[in-house]
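Residues per chain, in single letters:
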Amino acid sequence: DSGVTQTPKHLITATGQRVTLRCSPRSGDLSVYWYQQSLDQGLQFLIQYYNGEERAKGNILERFSAQQFPDLHSELNLSSLELGDSALYFCASSRYTGVDEQYFGPGTRLTVT
Amino acid sequence: AQSVTQPDIHITVSEGASLELRCNYSYGATPYLFWYVQSPGQGLQLLLKYFSGDTLVQGIKGFEAEFKRSQSSFNLRKPSVHWSDAAEYFCAVARGSQGNLIFGKGTKLSVKP
């Protein structure tokens, strides 16, 4: 158990809908990273927050957004969902920003039908 | 741009045999390298990391990896594989000061009894 929690574990929704994925980092960790894992693209970095502020952006679509709250939990919002958004979404946390060990949550499996 | 290549998509070894998983990276400066393992339906677990110093690093579960700058490689090794090691293994490089990870496509390890 990494100490990173993600909810829900599974999500099935229809095209065009909007969903919110939630992540709670390990106790004491200030950085939260979001990654997407799909069969064709592999594991890709989406976005990073550190202590409530956005720090880095990767291959995140404009339809996707995220935020980190004062209690340090983070939410990833996916809107206007398409079939191609079906994937496993991971959250990872680390103590600091910059290069550091990242601890991954169990992931949320999103299926768009 | 940074990249990570794992040349072997799938490897099968017999239980008790030695293991080496290959990883090559492309990065201009000193790389920060990681190996993660993902069991079916699970998140990613950090096995080991290389930041600097001794080029042979020890990790959890009896794994080790050797950083070879001249070959741009960071291969993962284990002297004797157990059936519980069957999983997918990902090599990753941290992107500069931002810390987000760039992953290889992964190597799936199967273990024969």
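Sequence order sets the numbering: in each chain, residues are counted from 1 along the sequence as written. To label them, take the chains in the order written and letter them from A, then take the ligands in the order written and number them from 1. Note on the predicted model: pLDDT of at least 70 is required for a residue's local features to be given, and 80 or more for side-chain atom pairs to be given and counted; whole-chain, interface and lining totals, by contrast, use all residues. To get the side-chain values, all heavy atoms of the structure are used, and hydrogens and water are removed first.

Caption draft 1: A look at the overall build of chain B. Secondary structure elements are defined from DSSP: runs of H or I of at least 4 residues count as helices, runs of E of at least 2 residues count as strands, and each element is numbered from the N terminus. Across its full length, chain B holds 0 helices and 12 strands. Listing every helix and strand of chain B by position from the N terminus yields β-β-β-β-β-β-β-β-β-β-β-β. A globule of 113 residues ought to have a C-alpha radius of gyration of about 13 Å, and chain B, at 13 Å, matches this closely. When its C-alpha atoms are laid out on the principal axes, chain B stretches across 40 × 30 × 20 Å. Each residue is placed in one exposure class: buried if its accessible area under a 1.4 Å probe, protein chains only, is under 20% of its type's maximum, exposed if it is over 50%, and partly exposed if it falls in between. Looking at chain B as a whole, 45% of its 113 residues are labelled buried. In what follows, residue pairs with any heavy atoms lying within 4.5 Å of each other are defined as contacts. Considering only contacts within chain B whose residues lie at least 6 apart along the sequence, 52% involve residues at least 24 apart. Just so you have it, chain B exposes about 5400 Å², and 49% of that area is on carbon and sulfur atoms. Just to be clear, the radius of gyration here is over C-alpha atoms, and the globule rule we use is 2.2 Å times residues to the power 0.38. For every accessible area listed, the method is Shrake-Rupley and the probe measures 1.4 Å; residues are considered covered only by the protein chains on display.

Caption draft 2: Local environment of the sheet that holds strand E3 (residues 19–24) of chain A. Residue and element names in this part refer to chain A. Pairs of strands are assigned from DSSP output, requiring at least two bridges between the strands. The 4 strands are arranged E1-E3-E8-E7 in an open sheet whose pairing can be described as antiparallel. With partners counted over all chains shown, the strands left at the sheet margins are strand E1 (5–7) and strand E7 (64–68), one partner each. Sheet twist, expressed as the average angle between the axes of neighbouring strands with direction ignored, equals 15°. One ladder, built from 3 bridges, connects E1 with E3; its direction is antiparallel. Within E3, the position partnered with Thr7 by the bridge is Arg22. Geometry is summarised by axes, namely lines fitted to C-alpha atoms with helices restricted to the contacting stretch, and by angles between N-to-C directions that run from 0 to 180 degrees.

Caption draft 3: Structural detail: the pattern of salt bridges. A pair is scored as a salt bridge if a Lys or Arg side-chain nitrogen falls within 4 Å of a carboxyl oxygen belonging to Asp or Glu. Applying the stated criterion across every chain, the model contains 9 salt bridges over all chains. Look at the salt bridges and you will find they share partners, linking Arg26, Asp29 and Arg95 of chain A into a network.

Caption draft 4: Representation of the side chain of Gln38 of chain B within the structure. You can see Gln38 of chain B is positioned in strand E5 (residues 33–38). By relative accessible area, Gln38 of chain B is classed as buried at 9%. Setting aside anything within four residues of it in sequence, one finds Gln38 of chain B in contact with Gln37, Leu88 and Phe90 of chain A together with Gly43, Leu44, Ala87, Glu88 and Phe90 of chain B.

Caption draft 5: The packing of aromatic side chains, seen in detail. Pairing of aromatic rings covers Phe, Tyr and the six-membered ring of Trp, with a centre-to-centre limit of 6.5 Å; geometry is then stacked below 30 degrees between planes, edge-to-face above 60, and tilted otherwise. Under the counting rule described, the total for this entry stands at 18 aromatic pairs over all chains. Aromatic side chains Phe64 of chain A and Tyr89 of chain A sit 6.5 Å apart centroid to centroid with 70° between the ring planes, which places their arrangement in the edge-to-face category. Of this pair, Phe64 of chain A sits in strand E7 while Tyr89 of chain A sits in strand E9 (residues 87–94); the two residues are 25 residues apart in sequence, bridging distant segments of the chain. Of the two residues examined, Phe64 of chain A and Tyr89 of chain A, each falls in the buried class. Plain terms: the ring middles of Tyr50 of chain B and Phe74 of chain B are 6.4 Å apart, the flat faces sit at 50° to each other, and that makes the pair tilted. Residue Tyr50 of chain B is found in strand E6 (residues 44–50), and its partner Phe74 of chain B is found in strand E9 (residues 73–78); the two are separated by 24 residues along the sequence. Across this residue pair, the class does not change: Tyr50 of chain B and Phe74 of chain B are buried. Think of it as a cone above the ring: NZ of Lys or CZ of Arg counts as a charge over the ring if it is within 6 Å of the ring centre and within 35 degrees of the ring normal. Sitting over the ring of Tyr103 of chain A, Arg26 of chain A keeps its end group 3.9 Å from the ring centre. Looking at Lys49 of chain B, its charged tip hangs above the ring of Phe51 of chain B, at a distance of 5.6 Å from the centre.

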